[in-house]
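Spelled out, the chains give:
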Amino acid sequence: MGLFDRISNGLARSRNKFREQMNVLLDRGPQLDDEFWEGLEEALILSDVGGPAAMDIVERLQDQATRKALPDAYAVFDLLYDQIASTFTPAEQSIFGQEKALVLFVGINGTGKTTTVGKLAKEASDAGRSVILGSADTFRAAAIEQLEVWATRAQVPMVTRERGSDPASVCYDTIERAEAEGADLVLIDTAGRLHTSNDLMRELQKVVSVVRKRSSLPVYTVLVIDATTGQNGLQQAREFHKALELDGLIVTKLDGTAKGGIALAVSHELGLPIYKIGVGEGIDDLRDFEPHEFARALVGNLDGRSADVAEEE
């Protein structure tokens with residue numbers, strides 16, 4: 001299965017929800033009037049794209065429709081992919097490419113954070129990179145064991161301490177080990193915590209501060225967010241970004257939700273790039289984020305042709 005097919009399959013529920021809204025809108029005809037533009041904006045919002053992003057997309061499409069004298073809704077849909085794609089905040093660099101980096105993964109419990117760290121370790125190790133894992137989630141015993149399984153699978157070393165240890169000390173030990181062994185990619189899993197808990201967020205701020213001061217590698221803080229949480233995920237991202245000054249996002253569980261537009265809502269509102277998306281349980285289902293492919297998979301084809309035919313052209 002190709003890259004686009006995996007993403008397309010993963011976003012099927014989100015796409016079907018959006019197309020249902022569009023079909024209702026088009027039943028009245030393809031004319032470009034106020035009702036059409038309001039309906040398009042509403043359909044985007046109902047896909048969890050979020051009000052600000054939806055308004056931005058529709059305003060730009062209206063401007064193009066006027067300047068290019070577009071004849072009908074189908075001509076607008078031809079431009080929709082590019083407008084959605086351009087609404088995402090672009091990444092200045094790929095931190096999971098070949099550049100040296102230390103990446104701290106944060107987020108609430110249940111987002112798939114530990115599994116994501118493990119998959120990235122395996123991917124990087126298979127690509128020939130020197131990787132070290134740090135298990136700074138010292139509160140949940142299963143997290144340490146889970147990451148150990150991935151460390152073994154990826155054949156990379158892992159640093160941890162006994163349950164209940166200070167997470168910042170685990171990070172410190174991980175950095176020292178990485179420097180001693182000349183690792184060029186350090187991936188540190190932190191404990192899941194509610195964004196509404198001030199004490200836990202302050203502790204996480206301490207962890208991030210220690211790492212940024214101690215590491216000789218460039219440090220990135222990445223939020224792992226579960227797409228199925230929809231607008232609640234946006235609120236989570238706001239709080240984590242406010243506390244930690246995030247560098248980017250990984251959006252998981254896009255295959256199990258009709259709320260795939262939340263990826264766009266978070267990236268657009270907070271000005272954060274998306275580095276990876278999760279579209280399944282398999283190790284190959286954590287994919288590089290590509291805005292245009294995501295837009296095509298999210299919207300599908302709206303001109304009456306079958307999706308399979310259109311995607312092959």
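In case you missed it, the structure is sitting above this.
Notes on the structure in this doc start here.

Calculation criteria
Residue positions are given per chain, counting from 1 as you read along its sequence in written order. For this predicted model, a pLDDT threshold of at least 70 governs which residues receive local features, and a threshold of 80 or more governs which side-chain atom pairs are given and counted, while totals over whole chains, interfaces and linings are taken from all residues. In computing side-chain properties, one takes all heavy atoms of the structure into account and sets aside hydrogens as well as water. To qualify as a helix, a DSSP run of H or I must reach at least 4 residues; to qualify as a strand, a run of E must reach at least 2; elements of each kind are numbered from the N terminus. Radius of gyration here uses only the C-alpha atoms, and the compact-globule reference equals 2.2 Å multiplied by the residue count raised to the power 0.38. Using a 1.4 Å probe on the protein chains alone, a residue whose accessible area is under 20% of its type maximum counts as buried, one over 50% counts as exposed, and one in between counts as partly exposed. Two residues form a contact once any of their heavy atoms are found within 4.5 Å. All accessible areas in this document rest on Shrake-Rupley with a 1.4 Å probe, and a residue is counted as covered only by the protein chains that are shown. Asp and Glu are treated as the negative residues and Lys and Arg as the positive ones, with His and the ends of the chain left uncounted. For the purpose of locating charges, the reference atoms are NZ of Lys, CZ of Arg, CG of Asp and CD of Glu. Two strands qualify as a pair provided that DSSP identifies no fewer than 2 bridges between them. To obtain an axis, a line is fitted to C-alpha atoms, over the contacting stretch when the element is a helix, and the angle between two such axes runs from 0 to 180 degrees between their N-to-C directions. Think of a salt bridge as a Lys or Arg side-chain nitrogen and an Asp or Glu carboxyl oxygen that are within 4 Å of each other. Working rule for handedness: look at the near helix, and if it is turned counterclockwise from the far one by less than a right angle, call the crossing left-handed; if clockwise, right-handed. Residues are grouped as follows: Ala, Val, Leu, Ile, Met, Phe, Trp, Tyr, Cys and Pro are nonpolar; Asp, Glu, Lys and Arg are charged; every other residue, Gly included, is polar. Working rule for angles: under 35 degrees goes down as roughly parallel, over 145 as roughly antiparallel, 65 to 115 as roughly perpendicular, anything else as oblique. Centre distance within 6.5 Å is the pairing criterion for rings of Phe, Tyr and Trp, where only the six-membered ring of Trp is used; planes under 30 degrees apart are then read as stacked, over 60 as edge-to-face, and the remainder as tilted. Cation placement over rings: the criterion is NZ of Lys or CZ of Arg within 6 Å of the ring centroid and within 35° of the ring normal. By the criterion applied in these results, polar contacts are pairs of N or O atoms within 3.5 Å in which, for protein atoms, one can donate a hydrogen and the other can accept it, and in which residues neighboring in sequence qualify only through two side-chain atoms.

**Quick look at the overall build of the chain**
Stage number 1. Regarding its fold elements, the chain presents 13 helices and eight strands.
Stage number 2. By the compact-globule yardstick of 20 Å for 313 residues, the chain fits well, its C-alpha radius of gyration being 21 Å.
Stage number 3. When the 313 residues of the chain are sorted by exposure, 54% land in the buried category.
Stage number 4. The long-range share in the chain, meaning contacts at least 24 apart out of those at least 6 apart in sequence, stands at 76%.
Stage number 5. A total of about 13,400 Å² of accessible surface is found on the chain, and carbon and sulfur atoms cover 46% of it.
Stage number 6. The centroid of the 33 positive side-chain charges in the chain is displaced by 6 Å from the centroid of its 50 negative side-chain charges.

**Section: the sheet that holds strand S4 (residues 185-190)**
The pairing of strands in a sheet comes from backbone hydrogen bonds and takes either a parallel or an antiparallel form.
Stage number 1. Strand order in the open sheet formed by eight strands is S3-S2-S4-S1-S5-S6-S7-S8, and the pairing between neighbours is mixed. The open sheet is flanked by strand S3 (158-159) and strand S8 (286-288), the only strands paired with a single partner.
Stage number 2. Summarising the sheet, strand S6 (residues 248-252) and strand S7 (residues 274-278) pair through three bridges and their orientation is parallel. Residue pairing for S7: valine 251 is matched across the bridge by isoleucine 277.
Stage number 3. Along the sheet, helix H6 (residues 113-126) contacts strand S1 (101-106), strand S2 (131-136), S4, strand S5 (219-226), S6, S7 and S8; its crossing angle with S4, the most-contacted strand, is approximately 170 degrees.

**Topic: the pattern of salt bridges**
Stage number 1. The final tally for this structure, using the stated rule, is 16 salt bridges.
Stage number 2. Notably, a salt bridge pairs lysine 113 with aspartate 189, separated by 3.1 Å at the nearest N-O pair. Pair noted here: lysine 113 is in helix H6 and aspartate 189 is in strand S4, with a separation of 76 residues, a long-range link.
Stage number 3. Given the relative accessible area of 6%, lysine 113 is considered buried.

**Focus on the packing of helix H3 (residues 34-46) against helix H4 (residues 51-68)**
Stage number 1. The N-to-C vectors of H3 and H4 enclose an angle of 145 degrees; their axes lie 9 Å apart at closest approach. The two elements H3 and H4 cross, and the hand of that crossing is right-handed. Contacts from Trp37, Leu40, Glu41, Leu44 and Ile45 of H3 reach H4 at Gly51, Ala54, Met55, Ile57, Val58, Leu61, Gln62 and Ala65.
Stage number 2. Residue composition of the contact of H3 with H4, grouped by class: 10 nonpolar, two polar and one charged.

**Observations regarding the packing of H4 against helix H5 (residues 73-87)**
Stage number 1. Packing of H4 against H5 brings their axes to within 10 Å, and their N-to-C directions diverge by 135 degrees. The angle between the axes of H4 and H5 places the two elements in the oblique class. Relative to H5, H4 is oriented so that their crossing is right-handed. Residues Ala53, Asp56, Ile57, Arg60, Leu61, Gln64 and Lys68 of H4 pack against Val76, Leu79, Leu80, Gln83, Ile84, Ser86 and Thr87 of H5.
Stage number 2. Taken together, the residues of the contact of H4 with H5 break down into seven nonpolar, four polar and three charged.

**Topic: the packing of aromatic side chains**
Stage number 1. Within the structure shown, the criterion is met by eight aromatic pairs.
Stage number 2. With 5.5 Å between their ring centres and 85 degrees between their planes, phenylalanine 88 and phenylalanine 294 make a pair best called edge-to-face. Note that phenylalanine 88 is positioned in the loop between H5 and S1 and phenylalanine 294 in helix H12 (residues 291-299), a separation of 206 residues in sequence. One exposure class covers both phenylalanine 88 and phenylalanine 294, and it is buried.
Stage number 3. An aromatic cluster of three or more residues is present, and its members are Phe36, Trp37, Tyr74 and Phe77.
Stage number 4. We note arginine 153 situated over the ring of tryptophan 150; from NZ or CZ to the ring centre the distance is 4.3 Å.

**Overview of the environment of aspartate 63**
Stage number 1. Considering the arrangement of structural elements, one finds aspartate 63 in helix H4.
Stage number 2. Engagement of the side chain of aspartate 63 in a polar contact is seen with the side chain of arginine 67, the distance being 2.9 Å.

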